[in-house]
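The lines below spell out each chain.
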Amino acid sequence: MAQLIDGKRISQEIKDELKIEVQKMEEQGISVCLAVVQVGNDPASTVYVRNKKKACAYVGIESRAYELPEETTEEELVRLVEELNQDASVNGILVQLPLPSHIDEDRIIRTISPDKDVDGFHPVSVGRLWIGEKGFVSCTPAGIIQLLKRSGIGIEGKNCVIAGRSNIVGKPMAALLLRENGTVTVTHSRTKNLSEITSKADILIAAIGKARFITAEYVKDGAVVIDVGMNRDEEGHLCGDVDFEDVEPKVSAITPVPGGVGPMTIAMLMNNCVETVRC
Ligand code: GUN
């Protein structure tokens with residue numbers, strides 16, 4: 001039986017630790033405030049934003065919501081972000097993505113001060129991560145490192161294979177695993193003989209965005225499998241990039257979907273918010 005890596009439990013543990021840390025900070029007169037900006041009302045974004053606000057309330061972080069209409073111009077959004085950069089009472093800024101198509105996302109991300117970039121998306125944060133400097137790290141890959149560490153799974157010297165090269169998951173995941181002294185391979189949609197590479201992984205990170213794509217033939221006996229996928233199958237059920245039933249009997253540890261990587265993203269966002277005020 002594979003070890004089930006319980007993201008729900010581990011994310012709760014992290015939020016509880018942060019809650020205690022925030023309480024201690026409050027006793028010293030230090031508070032944490034996150035500005036959450038949403039443009040338009042994409043239903044998925046609304047759910048994410050609601051969950052982020054709920055997590056803030058739990059941990060003791062003030063969340064300040066900016067809900068802007070779909071017609072907001074790029075200039076108006078830039079001005080709001082610049083105001084939030086200047087506002088000393090705001091520690092972190094999160095602009096929920098995707099933005100409406102008339103707004104240049106990259107420009108907005110670059111407008112957020114790297115000191116308040118709790119998503120870790122700013123090119124300065126990305127650069128800091130790759131050269132091993134302190135800075136904000138993208139929440140999902142940071143959460144995966146915590147899942148591994150808190151499940152007693154070592155990374156040093158392991159053959160780590162990442163399937164997927166997105167800026168939010170695949171690339172920062174590579175930097176983090178490298179920082180932990182893993183031997184890292186990044187595969188992508190143009191990779192030839194994918195299963196030949198993934199089946200040599202001690203730790204396999206699946207971040208492809210294709211429902212149940214990773215079957216047993218992609219996985220080595222006794223591997224650790226982390227499933228970042230959040231897909232809907234034909235019946236509309238949430239499922240990962242890994243065919244759990246097929247893969248689970250073969251591996252030593254695996255994350256479920258839901259309840260694996262998903263809950264970790266918000267826990268790490270809360271950690272990044274607290275990080276803004278840590279000495
Ligand atoms: N949209 C989906 N995930 C995220 C995230 O982690 N951060 C932001 N800002 N937008 C998102």
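Each remark here, short or long, concerns the structure printed above.
Every chain is numbered independently, its residues counted from 1 as its sequence is written. With pLDDT at 70 or above as the cut-off, local features in this predicted model cover only qualifying residues; side-chain atom pairs require 80 or more to be listed or tallied, and sums for whole chains, interfaces and linings still use all residues. Side-chain calculation: all heavy atoms of the structure are included, whereas hydrogens and water are not.

## Observations concerning the sheet that holds strand E4 (residues 92-95)
Link 1 in the chain: The pairing criterion for strands is at least two bridges between them, as found by DSSP. The way it works is that DSSP assigns letters per residue, a run of H or I at least four long becomes a helix, a run of E at least two long becomes a strand, and they are numbered from the N terminus. With respect to topology, 3 strands assemble into an open sheet ordered E3-E2-E4, the strand pairing being parallel. Here the strands that pair on one side only, and so sit at the sheet edges, are strand E3 (62-68) and E4. Each strand axis lies, on average, 15° off the axis of its neighbour in the sheet, ignoring direction.
Link 2 in the chain: Relative to E4, strand E2 (residues 33-39) is paired through 4 bridges, and the arrangement is parallel. Bridging from a neighbouring strand, Val36 pairs with Leu94 of E4.
Link 3 in the chain: Sitting on the sheet, helix H3 (residues 74-86) touches E2, E3 and E4, and the angle it makes with E2 is about 180°. Each axis is a line fitted through C-alpha atoms, taken for helices only over the stretch in contact, and angles between the N-to-C directions span 0 to 180 degrees. Contacts: residue pairs with any heavy atoms within 4.5 Å of one another.

## Let's talk about the sheet that holds strand E5 (residues 159-163)
Link 1 in the chain: Read from one edge to the other, the open sheet built from 6 strands follows the order E1-E11-E8-E7-E5-E6, with strand pairing classed as parallel. Strands at the two margins of the open sheet, each flanked by one partner only, are strand E1 (3-4) and strand E6 (183-187).
Link 2 in the chain: Bridge analysis of E5 against E6 gives 5 bridges, and the strand direction is parallel. Bridging from a neighbouring strand, Asn159 pairs with Thr183 of E6.
Link 3 in the chain: Strands in contact with helix H7 (residues 170-179) are E5, E6 and strand E7 (203-206); relative to E5, the strand with the most contacts, it is inclined by about 170°.

## Points about the site of the ligand
Link 1 in the chain: Throughout, near means a residue has at least one heavy atom within 4 Å of the molecule or strand. All residues in the neighbourhood of the ligand are listed as Lys52, Val95, Gln96, Leu97, Asp119 and Phe121.
Link 2 in the chain: With respect to the ligand, the side chain of Gln96 contributes an N or O atom lying 3.1 Å from a nitrogen atom.
Link 3 in the chain: The separation between a nitrogen atom of the ligand and a polar main-chain atom of Leu97 is 2.8 Å.
Link 4 in the chain: Contact with the protein chains covers 79% of the free accessible surface of the ligand, which is 280 Å².
Link 5 in the chain: Of the residues contributing to the shell around the ligand, the split by class is 3 nonpolar, 1 polar and 2 charged. Residues adjacent in sequence count toward polar contacts only when both atoms are side-chain atoms; beyond that, a polar contact is any pair of N or O atoms within 3.5 Å, and within protein one must be able to donate a hydrogen and the other to accept it. Only the protein chains shown count as cover for residues, with accessible areas throughout obtained via the Shrake-Rupley method and a probe of 1.4 Å. Residues were grouped as follows: Ala, Val, Leu, Ile, Met, Phe, Trp, Tyr, Cys and Pro as nonpolar; Asp, Glu, Lys and Arg as charged; and all remaining residues, including Gly, as polar.

## Digging into the pattern of salt bridges
Link 1 in the chain: The salt bridge criterion pairs a side-chain nitrogen of Lys or Arg with a carboxyl oxygen of Asp or Glu, the two atoms within 4 Å. Under the counting rule described, the total for this entry stands at 15 salt bridges.
Link 2 in the chain: Across the pair Glu75 and Arg107 runs a salt bridge whose closest N-O atoms are separated by 2.9 Å. Taken together, the positions of Glu75 in helix H3 and Arg107 in helix H4 (residues 105-111) put the pair 32 residues apart, joining distant regions of the chain.
Link 3 in the chain: For Arg107, a relative accessible area of 29% corresponds to the partly exposed category.
Link 4 in the chain: Members of the salt-bridge network, linked through shared partners, are Arg9, Glu13, Glu17 and Arg150. A simple rule labels every residue: compare its accessible area, found with a 1.4 Å probe on the protein chains alone, to the largest value its type can have, and call it buried under 20%, exposed over 50%, or partly exposed in between.

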